[in-house]
Amino acid sequence: PQYHGICFQNLGAVGNITNITARRNTVYNIAWNGIKICDGVTYGDISYNTIHDTGHNGLDTLDNVGTSKSSNLEIHHNNIYNCPEAGIYLPCLDNSTVYENDVHDSLDAVGAYSWGVKTQAAGLPAPSGITIRNNRIWNITKVDASTSAI
């Protein structure tokens, strides 16, 4: 099962959930994703949130069925850290802008990857119309499993 701090999930036709806002939230100690936006959500503003200590991604747009993309989001001025997969993960998102976010201090100790901002997922169509600008990304690392204590 997936457990999210805040979840905007469209269970109807694409566009049934529209004009969303997640602003000035603190989301932490979450088993899965801090903020999840999926299944065709359109138009929204995700801003001024602090997201940290998640089990997977800070902010995630991966569609649950892999066929429906969300679109027209502005993701900005968020502080995201200690999220072991990606600070901002955008595989199922089109025509959106990601700017002025701080993504930092994330360490992947078990998987093969960790990213500040990632846009593509294996087997899914590439995102289109994504602008990523003026973000600050630092201290994204991976522990070498061959030298780490378990």
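Residues numbered from 1 in each chain as written. Predicted model: local features only at pLDDT ≥ 70, side-chain atom pairs only at ≥ 80, totals over all residues. Heavy atoms only, no water.

### A look at the confidence of the model for the protein chain
Overall, the predicted model of the protein chain reaches an average pLDDT of 86, with 84% of residues at or above 70. This stretch, residues 145-150, has a pLDDT under 50; its non-local contacts, to residues over four places away or in other chains, come to one contact. (pLDDT = per-residue confidence, 0-100. Contact = heavy atoms within 4.5 Å.)

### Some thoughts on the nonpolar core
Core analysis: the biggest nonpolar cluster contains 22 residues, and Phe8, Ile35, Ile37, Ile46, Ile75 and Ile88 have the highest contact counts within it. Among the secondary structure elements, those contributing two or more residues to this core are strand E1 (4-9), strand E2 (18-23), strand E3 (26-30), strand E4 (33-38) and strand E8 (70-76). Once you skip the residues sitting within four places of it in the chain, Phe8 turns out to touch Ile20, Thr21, Ala22, Lys36, Ile37, Cys38, Val41 and Ile46. (Core = buried A, V, L, I, M, F, W, Y, C linked by side-chain atoms within 4.5 Å. Buried < 20%, exposed > 50% of the residue type's maximum accessible area, 1.4 Å probe, protein only. Helix = DSSP H or I, 4+ residues; strand = E, 2+ residues; numbered from the N terminus.)

### Examining the sheet that holds strand E7 (residues 59-60)
Sheet architecture is open: five strands sit in the order E1-E4-E7-E10-E14, paired in parallel fashion. Edge positions in the open sheet fall to E1 and strand E14 (115-118), since each of these has one partner strand only. Pairing between E4 and E7: two bridges, direction parallel. Considered in E7, the bridge of Ile35 is made with Leu59. (Pairing = 2+ DSSP bridges.)

### Here we look at the state of the cysteines
Considering all chains together, one arrives at zero disulfides under this definition. Residue Cys7 stays outside any disulfide, its sulfur separated by 4.7 Å from that of Cys38, the closest cysteine. Given the relative accessible area of 39%, Cys7 is considered partly exposed. (Disulfide = S-S within 2.5 Å.)

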